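Results of the structural survey
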Amino acid sequence: MKKIVCAALVIVALASCKKAETEVSKERAVAYKSFGDSISADGAITKEELFAKYKDLKEGDTLEVKFASTIKEVCQKKGCWMQLELPEENSAFVKFKDYGFFMPLNSAKSNVIVNGKAFVSVESVDELKHYAKDAGKSQAEIDSIVNPETTYSFLADGVLLQK
C-alpha cells in the first residue's frame, strides 16, 4: 500500500512539472519585432500599474518604466508616434527617442512593450491639431480642437511589437 501511495505522489508531481514546463514554453513562444534600443519583455508592468503611477506625476516629473499595452492608433504619415491603451478610456501618447525609429503604419491593435520615460504634459491646440491631421481626422474634427489638453506622455527608447 505504501508503494502505491508513493507511486501516485510521484506521478502527480511529474504531471504538475510537465504542466509548468508547458506554461513557461508558451510564454517563451511569444515573438517580438524590436524597434529602437534592444530591450527584453522581462520586468514590464501592466497598463493598469502604469496608469496608477501617472496619477501621481505632476508636469515636469519623469518616471523610467517598461510597460505592456495595446496600440490604439499610429501616425499614418510615418509611424512617428502611437497612442497606447490605458484604463478608463485613457491613452498614453508615445513618441520615439531622437526621432530614431518609427512603427509600422498597420500596427494598430497590436500588443507592444515599450521602455522609456513616462511623464505628464500639456499639449497646445496647435500640437493637438497637428496630431489630428497626422491621424487622418476630418477637417471638422481638427477645427473642433480649441483647448489645450493634459496628456499622459511617453518617450520610448525601445519597443517590442508582438508578431
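Structure's up top.
What counts and how
- Residues numbered from 1 in each chain as written.
- Predicted model: local features only at pLDDT ≥ 70, side-chain atom pairs only at ≥ 80, totals over all residues.
- Heavy atoms only, no water.
- Helix = DSSP H or I, 4+ residues; strand = E, 2+ residues; numbered from the N terminus.
- Buried < 20%, exposed > 50% of the residue type's maximum accessible area, 1.4 Å probe, protein only.
- Contact = heavy atoms within 4.5 Å.
- Arc of directions from axis to C-beta.
- Polar contact = N/O pair within 3.5 Å; in protein donor to acceptor, adjacent residues only side chain to side chain.
- Core = buried A, V, L, I, M, F, W, Y, C linked by side-chain atoms within 4.5 Å.

Right, let's talk about the overall build of the chain for a bit. The helix and strand tally for the chain stands at four helices and six strands. The order of helices and strands in the chain, counted from the N terminus, is α-β-α-β-β-β-β-α-α-β. Scored against the burial criterion, the 163 residues of the chain give a buried share of 35%. Sequence-distant contacts in the chain: of pairs separated by 6 or more residues, those separated by 24 or more amount to 73%.

All right, on to helix H2 (residues 47-54) then. Buried within H2 are the following residues: Leu50, Phe51 and Tyr54. Around the axis of H2, the buried residues are gathered within 105° of arc, so they sit on the same side. In this structure, the buried residues of H2 make contact with strand E2 (62-74), strand E3 (81-86), strand E4 (90-96), strand E5 (111-123) and strand E6 (149-162).

As for its placement among the helices and strands, serine 107 is situated in the loop between E4 and E5. Here serine 107 falls in the buried class, since its relative accessible area comes to 2%. Within the structure, serine 107 has its side chain in polar contact with the backbone oxygen of proline 104 (distance 2.7 Å). Not counting chain neighbours up to four residues away, the residues in contact with serine 107 comprise Ile71, Val74 and Leu161.

This part takes up the nonpolar core. Ranked by size, the top nonpolar core spans 26 residues in total, and within it Tyr54, Phe67, Met82, Met103, Phe154 and Val159 carry the most contacts. Apart from the residues within four sequence positions on either side, methionine 103 is in contact with Phe35, Ile71, Val74, Lys78, Gly79, Met82, Phe96, Val159 and Leu161.

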